[in-house]
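Fold and geometry: a report
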Amino acid sequence: MTAFQKTTVSALFLLGVSACTNSYEVPIETPLQPKLEIARFQRILVAGFLAGGTSEVDTNLETARLLRSQLRNESRLDVIDAEVLDLLAIAELEGDVLADQDAASGDGLGRTTSGAPLSAQDDNGQDDVEGEEDETLSEEELEAYESIFANVSYWRQLGEEHQSPLIVTGTVYFTSHQRSGMVAREREIYDDFGRRRVVPMRAYRDRKGFVLSPKFIFIDGGTGVTLHTERHREEVLYDVSHNSPALSSYFELMDRLLPSFLGALADQSIRGTRTMLR
């Protein structure tokens, strides 16, 4: 039998087998391990964030509220309902501010006389600092306050007040942003017979939008030790004629980050299908 004949017989055999074989899809689910082991925790406290950037959005308060809402829906942990901490003032009072930062003065900025941590609002729901000039911090200036996260004794004390929960804290930087450059867009054209055609083109455009750069820090409320840290950075740009409120853009960018944040706490799985023969 020649090589050609052997090839022909093999091909006919495979065709006969495939003709008698049916295929079907089987759903499969591959579990993924969470980035953080939370089995020993029953409660979670979203404490508050060091916030900087634009003053149009209170990113400390909004981030804490949003994460608590998501955790109530997506996590098995009991979410503690507590006042959001003003970590900037606490860092100053605790002395956790690096060089070139002035320490805060006055008893009302850090803790109450009982030693309770400072919240973002006073008992009347008003901001703690009223009438002062509105000042925001840059990303570089926020770094001077980040030593508060290494203050083990502070976080351990906070954890004792809430039955040793998993504590979520960190930094949130949200600011306006502008960029110019070439942008891809589509253009409609019509030929001599009135037939419509869409062609790609590139044009130089000025665009504006926002940048969101949060760092989520997970702390063991029983020991005060940092367990896990995640950094993110997202941006959104619009045409200069587009008027998007800062708060709306903030939530748009947070929506992109939430799956990763929740993935650090919850068991997840990848769903797909596999083709089987019979």
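To keep things clear, this report deals only with the structure shown in the data block. (Residues numbered from 1 in each chain as written. Predicted model: local features only at pLDDT ≥ 70, side-chain atom pairs only at ≥ 80, totals over all residues. Heavy atoms only, no water.)

A look at the packing of helix α2 (residues 59–74) against helix α6 (residues 246–263)
Packed helices, taken two at a time, are described by their axes: the angle between them and the distance between them. Packing of α2 against α6 leaves a shortest axis separation of 11 Å and a crossing angle of 45 degrees. Between α2 and α6, the crossing angle belongs to the class labelled oblique. Note that α2 runs across α6; the crossing there is right-handed. Of α6, the residues touching α2 (which contributes Thr59, Glu62, Thr63, Leu66, Leu67, Gln70, Leu71 and Glu74) are Leu247, Tyr250, Phe251, Met254, Leu258, Phe261 and Leu262. For the contact of α2 with α6, the residue count by class is 10 nonpolar, 3 polar and 2 charged. (Axes fitted to C-alpha atoms, helices over the stretch in contact; angles between N-to-C directions. Helix = DSSP H or I, 4+ residues; strand = E, 2+ residues; numbered from the N terminus. Parallel < 35°, antiparallel > 145°, perpendicular 65-115°, else oblique. Left-handed = near helix turned anticlockwise from the far one by under 90°. Contact = heavy atoms within 4.5 Å. Nonpolar A, V, L, I, M, F, W, Y, C, P; charged D, E, K, R; others polar.)

Looking at the environment of Gln163
By the element assignment, Gln163 lies in the loop between α5 (152–161) and β4 (166–190). The exposure class of Gln163 is exposed, given its relative accessible area of 61%. Taking the C-alpha atoms as reference points, Gln163 and Gln42, 121 residues apart in sequence, are found 9.2 Å from one another. (Buried < 20%, exposed > 50% of the residue type's maximum accessible area, 1.4 Å probe, protein only.)

A word on the pattern of salt bridges
Going through the model one piece at a time under the given rule, you end up with 6 salt bridges. A salt bridge links Arg40 to Asp220, with the shortest nitrogen-to-oxygen separation between them at 3.2 Å. Of this pair, Arg40 sits in the loop between β1 (23–32) and β2 (43–53) while Asp220 is found in strand β5 (residues 196–220), placing the two residues 180 residues apart along the sequence. For Glu146, the salt bridge goes to Lys215, with nearest N and O atoms at 2.6 Å. With a gap of 69 residues between them, Glu146 in the loop between α4 (139–143) and α5 and Lys215 in strand β5 connect regions that are remote in the sequence. (Salt bridge = Lys/Arg side-chain N within 4 Å of Asp/Glu carboxyl O.)

A few points about α6
Because an α-helix completes one turn every 3.6 residues, residues spaced three or four positions apart along the sequence face the same direction. Spanning 18 residues, α6 covers 26 Å between terminal C-alpha atoms, matching the ideal 26 Å at 1.5 Å per step. The sharpest bend along α6 measures roughly 40 degrees and falls at Leu257, with the proline Pro259 sitting one to four residues further on. (Expected span 1.5 Å × (residues − 1). Bend = angle between axes of the 7 residues up to and from the residue.)

With respect to the nonpolar core
Leu67, Leu166, Phe218, Met254, Phe261 and Leu265 are the most contacted members of the largest nonpolar core, which has 35 residues in total. The dominant element in this core, judged by the number of residues it contributes, is α6, at 8 residues. Beyond its immediate chain neighbours, meaning those up to four positions away, Leu166 contacts Leu36, Ile38, Phe41, Arg43, Ile44, Leu45, Leu77, Phe218, Ile219, Leu227 and Leu265. Judged by nonpolar contacts, the second largest core, of 23 residues, contains Leu85, Leu142, Tyr154 and Ile219. (Core = buried A, V, L, I, M, F, W, Y, C linked by side-chain atoms within 4.5 Å.)

Here's the deal with the packing of aromatic side chains
This model, assessed by the stated rule, comprises 8 aromatic pairs. Between Phe174 and Phe210 the ring centres are 5.1 Å apart and the planes differ by 15 degrees, which places this aromatic pair in the stacked class. Residue Phe174 is located in strand β4, and its partner Phe210 is located in strand β5; the two are separated by 36 residues in the primary sequence. Each member of the pair Phe174 and Phe210 is classed as buried. Centroid distance Phe218 to Phe261: 5.7 Å. Interplanar angle 25 degrees. Geometry classified as stacked. You can see Phe218 sitting in strand β5 and its partner Phe261 sitting in helix α6, a full 43 residues away along the chain. Note on Phe261: relative accessible area 0%, which makes it buried. Site record: aromatic cluster; members linked through ring pairs are Phe49, Phe216, Phe218 and Phe261. (Phe/Tyr/Trp six-rings, centres within 6.5 Å; stacked < 30°, edge-to-face > 60°.)

Some points on α5
Looking only at α5, the buried set comprises Tyr154, Trp155, Leu158 and Gly159. Buried residues of α5, seen end-on, are gathered within an arc of 135 degrees and therefore sit on one face of the element. Gln163, located one to two residues past α5, shows a positive phi value of around 65 degrees. (Arc of directions from axis to C-beta.)

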